[in-house]
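The lines below spell out each chain.
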Amino acid sequence: MQNEFVDFKPYQPSEGEEYMNHEQLEHFRQILLGWKQQLMEEVDRTMHHLQEDAENYADPSDRATQEEEFSLELRTRDRERKLIRKIDKTIERIDKDDYGFCDQCGVEIGIRRLEARPTATLCIDCKTLAEIREKQTGV
Ligand SMILES: [Zn+2]
């Protein structure tokens, strides 16, 4: 679900290029902006769909179906909203030049991993550990 953002060209760093230099930061800013744009359009579509539904279901017997659909779409919208907030926060970090390093241990998260998950804040090791802990505590 997280990976459904716009197509982009994988970044090809030149030899000895500094990690998260201006060019790389711009590359990820473009990916994040494109992704956000796409999500906003989806939110718009959902809203439009909800309005259409409300007009089409005049018959009371359809109401249960309608309510089910509504709650499903609202959940989808909620998820999209949260994702948009996360993208905004990530773009803020790019602005502050604080992007691409693990929040936990400070290592480089890596271009390929970030391209697969532009909002990642943990390196793959810390992420794996966090997931194991999550499973153990059941949170
Ligand atoms: Zn880490």
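Residues numbered from 1 in each chain as written. Predicted model: local features only at pLDDT ≥ 70, side-chain atom pairs only at ≥ 80, totals over all residues. Heavy atoms only, no water.

> Help me get a handle on the UniProt feature "zinc finger region: dksA C4-type" (unreviewed entry) in the protein chain, residues and values and all.
Per the UniProt record, the feature "zinc finger region: dksA C4-type" (unreviewed entry) sits at residues 102–126. Taken as a whole, residues 102–126 contains 36% helix and 0% strand, while its terminal C-alpha atoms sit 8 Å from one another. (UniProt positions renumbered as here; feature names shortened; annotations may be inferred. Helix = DSSP H or I, 4+ residues; strand = E, 2+ residues; numbered from the N terminus.)

> Explain the coordination of the zinc ion residue by residue, including any values.
All of the protein donors around the zinc ion are C102 (SG), C105 (SG), C123 (SG) and C126 (SG); their distances to the metal are 2.3 Å. For the zinc ion, the single-chain donor residues occur in sequence as C-x2-C-x17-C-x2-C. In this pair, C102 is assigned in the loop between α2 (63–95) and α3 (111–116) and C123 in the loop between α3 and α4 (124–137), connecting sequence segments 21 residues apart. Across the pair, C123 and C102 agree in class, each one buried. (Donors = N, O, S within 2.8 Å, 3.2 Å for Na, K, Ca; no water. Buried < 20%, exposed > 50% of the residue type's maximum accessible area, 1.4 Å probe, protein only.)

> Tell me about unusual backbone geometry, and name the residues and values.
For M20, which is not a glycine, the phi torsion comes out positive at approximately 60°. Of note, M20 is situated in the segment before α1 (22–56). M20 sits in the buried class, given a relative accessible area of 6%.

> Please set out the UniProt feature "domain: Zinc finger DksA/TraR C4-type" (unreviewed entry) in the protein chain residue by residue, giving values where relevant.
Per the UniProt record, "domain: Zinc finger DksA/TraR C4-type" (unreviewed entry) is annotated on residues 98–130. Between the C-alpha atoms that bound residues 98–130 there is a distance of 21 Å. The span itself is 39% helix and 0% strand.

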